Amino acid sequence: MTPPQRKRRRPRPEHVPPPLPSTPPAAEGGGEEGDKKNPERLYVISGADGARAELDLVTLIVARAAAPPSVTPEQAALLRLCLAPLSVAELSAYLDLPFSAMTALITELITAELVQARAPIVRQALPDRSLLEAVMHGLQKL
Amino acid sequence: MDFKSSDTVPGPRTEDQLPHTAQAAVKIVIVGGFGVGKTTMVGSVSEIRPLTTEETMTQAGIGVDDNYGSESKTATTVAMDFGRISITDQLVLYLFGTPGQERFWFLWNGLFEGALGAVVLIDTRRLEVSFDVMGRLEERGVPFVVAVNSFPDGPRYPIEELRTALDLSPEIPIIECDARRRASSRDVLMTLMRFLHSLAMSGALT
Ligand SMILES: Nc1nc2c(ncn2[C@@H]2O[C@H](COP(=O)(O)OP(=O)(O)OP(=O)(O)O)[C@@H](O)[C@H]2O)c(=O)[nH]1
Ligand SMILES: [Mg+2]
């Protein structure tokens, strides 16, 4: 029996990833201070108006302050969940909110400086070999 | 809004909490046609109980579709399972079991753009259900490996015959796996990482 036959495709130019200058490396400490100086830097990748927070599924969210009495129950629940870092995807799962609603809620809390966003490390034109090696090492321990 | 009080929202179990030192995450997508074993693979390697994130697709999104819910007047909910593996105290890996149809991918911002790479799962009984997703990854320049899920009643092709059928260049790894077994799924992820590393070494990653 012969298997069905596929035909390979070529990369489309619009999908070639642009270099991403603002991604902090994993090993870099002292993220807190950098964030305070320029809170936008970690989560805004681009955007025509510069106002929209580009939250990825795996952006890590951490509470930076206790919930003030003014927050909504939804916001309070989120702040409680991210006393330790938690990804946007996990927050969406635990709070049972669609991803888009989740990012809107988090964006409000970032603006209110109640949470901090830690940007993911994304695939880049110039890949970081030590990152790949770290992941391999971690998988080996599984 | 009907929302649970903050005391009743179940969060991660204590042992599932990430350390405060967690600085950044990376992600890998596990993709393939309907029923090829995506959920099974995410579940077998995840250190946490697999979770689900959902997104609602509106009428406009469904309209471009040919055979799925196009007659429906209501919004469609698309779900995606994911799992997690802690790599170091600073670094976390997330795995997303992603529906094969590209029309769902845009629902999650940056799902494929930022992924380190992808695992394409195939079922030899229905190879063609994963053809489209491979083409989409190629168009987007997302590096991937192919994992052949071993279903007992599936035809067994020699790897090189599969490579020809899938029109894959010689450097793209094709490996057999049993997505139900953690060690096997882990080996698939290792194969992807070694492949990405070799691309990095040769400077060929675009
Ligand atoms: N024999 C065998 N069965 C498998 C394997 N992986 C998955 N299965 C079974 O195949 C069925 C489908 O697996 P799922 O993990 O739900 O597949 P999926 O890709 O998530 O399916 P959809 O999300 O519905 O597209 C389940 O009954 C699994 O138990 C495998 O490696 N070997
Ligand atoms: Mg599934």
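Residues numbered from 1 in each chain as written. Chains lettered and ligands numbered in written order. Predicted model: local features only at pLDDT ≥ 70, side-chain atom pairs only at ≥ 80, totals over all residues. Heavy atoms only, no water.

**Q** Let's hear about the overall build of chain A: which residues, and what values?
**A** A tally of helices and strands in chain A yields 5 helices and 3 strands. Listed N to C, the secondary structure of chain A is α-β-α-β-α-α-β-α in terms of helices and strands. When each of the 142 residues of chain A is scored for burial, the buried share is 46%. In chain A, of all internal contacts separated by at least 6 residues, the share reaching a separation of at least 24 is 64%. Accessible surface for chain A amounts to roughly 7,400 Å². Of this, 56% is attributable to carbon and sulfur atoms. (Helix = DSSP H or I, 4+ residues; strand = E, 2+ residues; numbered from the N terminus. Buried < 20%, exposed > 50% of the residue type's maximum accessible area, 1.4 Å probe, protein only. Contact = heavy atoms within 4.5 Å. Areas by Shrake-Rupley, 256 points an atom, 1.4 Å probe, with all protein chains shown as cover.)

**Q** Can you explain the interface of chain A and chain B? Please cite residues and give values.
**A** With 66 residues of chain A in contact, the opposing surface of chain B contributes 83 residues. Of the roughly 6,700 Å² buried at the junction of chain A and chain B (both faces included), carbon and sulfur atoms supply 61%. Counting every contact that joins chain A to chain B gives 7 salt bridges. One salt bridge connects A:Arg9 with B:Asp132, and the closest N-O pair in it is separated by 3.0 Å. For the interface between chain A and chain B, the tally reads 28 residue pairs in polar contact (both at pLDDT 80 or more). Of all the secondary structure elements, the ones that give two or more residues to the side of chain A that touches chain B are α2 (73-81), β2 (86-87), α3 (88-95), α4 (99-111) and α5 (129-140) of chain A. For the side of chain A that touches chain B, the per-class residue count stands at 38 nonpolar, 9 polar and 19 charged. (Buried area = accessible area lost by both parts, 1.4 Å probe. Salt bridge = Lys/Arg side-chain N within 4 Å of Asp/Glu carboxyl O. Polar contact = N/O pair within 3.5 Å; in protein donor to acceptor, adjacent residues only side chain to side chain. Nonpolar A, V, L, I, M, F, W, Y, C, P; charged D, E, K, R; others polar.)

**Q** Quick one: what's the story with the confidence of the model for chain B, residue by residue and with numbers?
**A** Residues and elements named next belong to chain B. Mean pLDDT over chain B stands at 87; residues scoring 70 or higher make up 87%. Counted against residues more than four places away or in other chains, residues 61-66, with its pLDDT under 50, gives 9 contacts. The complex model carries a pTM of 0.85, and its ipTM stands at 0.87. (pLDDT = per-residue confidence, 0-100.)

**Q** How would you explain the sheet that holds strand β3 (residues 115-118) of chain A if you had to name every residue and give the values?
**A** All names here are of chain A. Across the sheet, which stays open at both edges, the 3 strands sit in the order β2-β1-β3 with antiparallel pairing between neighbours. Two strands lie at the open edges of the sheet, namely β2 and β3, each paired on one side alone. When strand β1 (residues 60-63) meets β3, the two strands line up antiparallel, connected through 4 bridges. Across the sheet, residue Ala63 finds its bridge partner in β3, namely Val115. (Pairing = 2+ DSSP bridges.)

**Q** Outline the packing of α5(A) against helix α6 (residues 182-202) of chain B, listing residues and values.
**A** Between α5(A) and α6(B), the shortest axis-to-axis distance is 10 Å and the interhelical angle comes to 165°. Considered as vectors, α5(A) and α6(B) are oriented roughly antiparallel to each other. In the packing of α5(A) onto α6(B), the handedness of the crossing is left-handed. Mapping the contact onto sequence places A:Arg129, A:Leu132, A:Glu133, A:Val135, A:Met136, A:Leu139 and A:Gln140 in α5(A) and B:Arg186, B:Leu189, B:Met190, B:Met193, B:Arg194, B:Leu196, B:His197, B:Ala200 and B:Met201 in α6(B). Tallied by class, residues from the contact of α5(A) with α6(B) come to 10 nonpolar, 2 polar and 4 charged. (Axes fitted to C-alpha atoms, helices over the stretch in contact; angles between N-to-C directions. Parallel < 35°, antiparallel > 145°, perpendicular 65-115°, else oblique. Left-handed = near helix turned anticlockwise from the far one by under 90°.)

**Q** Outline the site of ligand 1, listing residues and values.
**A** All names here are of chain B. Taken together, 14 residues surround ligand 1, and among them Gly35, Thr39, Thr40, Asn149 and Ala179 come closest. Contact between ligand 1 and Gly37: an oxygen atom at 2.9 Å from a main-chain N or O atom of the residue. At 2.3 Å, a side-chain N or O of Asn149 approaches an oxygen atom of ligand 1. A total of 660 Å² of accessible area belongs to ligand 1 in isolation, and the protein chains cover 68% of it. Here the element with the most residues in the shell around ligand 1 is helix α1 (residues 38-45); it accounts for 3 residues. Of the residues that constitute the shell around ligand 1, the class distribution is 5 nonpolar, 6 polar and 3 charged. (Near = heavy atom within 4 Å.)

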